[in-house]
Structure formats: structure tokens, C-alpha cells
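A closer look at the structure
What follows is each chain in one-letter form.
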Amino acid sequence: MRQRPLQVVVGPSGAGKSSFVHAGVVPGLPQSWRIVTVRPGGAPIAALASRLAAANITTTDLRPVLEGSPAAAAALVAHAAASGTIVIVVDQLEE
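Model, not experiment: these values are computed from the prediction.

What counts as what
Residues numbered from 1 in each chain as written. Predicted model: local features only at pLDDT ≥ 70, side-chain atom pairs only at ≥ 80, totals over all residues. Heavy atoms only, no water. Salt bridge = Lys/Arg side-chain N within 4 Å of Asp/Glu carboxyl O. Helix = DSSP H or I, 4+ residues; strand = E, 2+ residues; numbered from the N terminus. Buried < 20%, exposed > 50% of the residue type's maximum accessible area, 1.4 Å probe, protein only. Core = buried A, V, L, I, M, F, W, Y, C linked by side-chain atoms within 4.5 Å. Contact = heavy atoms within 4.5 Å. pLDDT = per-residue confidence, 0-100.

Before going further, it helps to examine the pattern of salt bridges. In this structure the tally under the stated criterion is 1 salt bridge. E67 serves as the salt-bridge partner of R63, at 3.4 Å between the closest nitrogen and oxygen. Taken together, the residues span about one helical turn, with R63 and E67 both in helix 3 (residues 62-68) at a distance of 4 residues. According to the relative accessible area criterion, E67 is partly exposed, its value standing at 49%.

A few words now on the nonpolar core. Grouped together as the largest cluster of nonpolar side chains are 10 residues: V36, A49, L52, I57, L62, L66, A73, V77, A80 and I86. Of all the secondary-structure elements, those providing two or more residues to this core are helix 2 (44-54), helix 3 and helix 4 (70-81). Looking at which element gives the most residues to this core, the answer is helix 4, with 3 residues. Once you skip the residues sitting within four places of it in the chain, A49 turns out to touch L62, R63 and L66. Within the second largest apolar cluster, 5 residues are counted, among which are V21, L29, W33 and V89.

Let us look at the confidence of the model for the chain. The pLDDT averaged across the chain works out to 84; a share of 98% of its residues lies at or above 70. The lowest-confidence element of the chain is helix 4, averaging 81 in pLDDT; the highest-confidence one is helix 1 (residues 17-25), averaging 92.

What follows is the structure, encoded as C-alpha cells:
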């Protein structure tokens, strides 16, 4: 993840992708990294904004920012990451 910041785990339904990530990958990450898991569901932008807020990544309400300018939202999250690495796990992306 240090070399390639975007990692994708794919496989058939029920193959254990989520278990692999949550039981294998996440525990192996440095303790200082902040991990945020989101399941997009029917309102993916709201779900992501809610999870980032719950993790105290930003104090700004990201929902309108995400809806209006994903680049501006990415900049806010990047600014928050200046104090450390943030890993966002999108579980069940196909939803």
C-alpha cells in the first residue's frame, strides 16, 4: 500500500474478500494508520461522508462537498491525512 495507494480485492461472491481484508490486511497495517470502512449501500456519498466524520477525519460536512466537487473533498481528506495515513476500505463496492 505504500507503493500503490489503490488496491483492489476481487473475487466471486462468498470467496472471503471482506474477511481477507478485515482479518488479514487491516491488522497488518501500521498502528498509526487510520482505517475507515464504508459500505456504500443505496447512498454511497452519504455513507462515505458519515464514516469520515465518525472517524474525525474532518470536521467539515463532506456530503455537499462530495456531491459538488469530489476533487475538493479529496483535498480536504488529503489535508487531514497530513497528520498520518488514512486507509479507506470500501466493502461491497458492487452495491
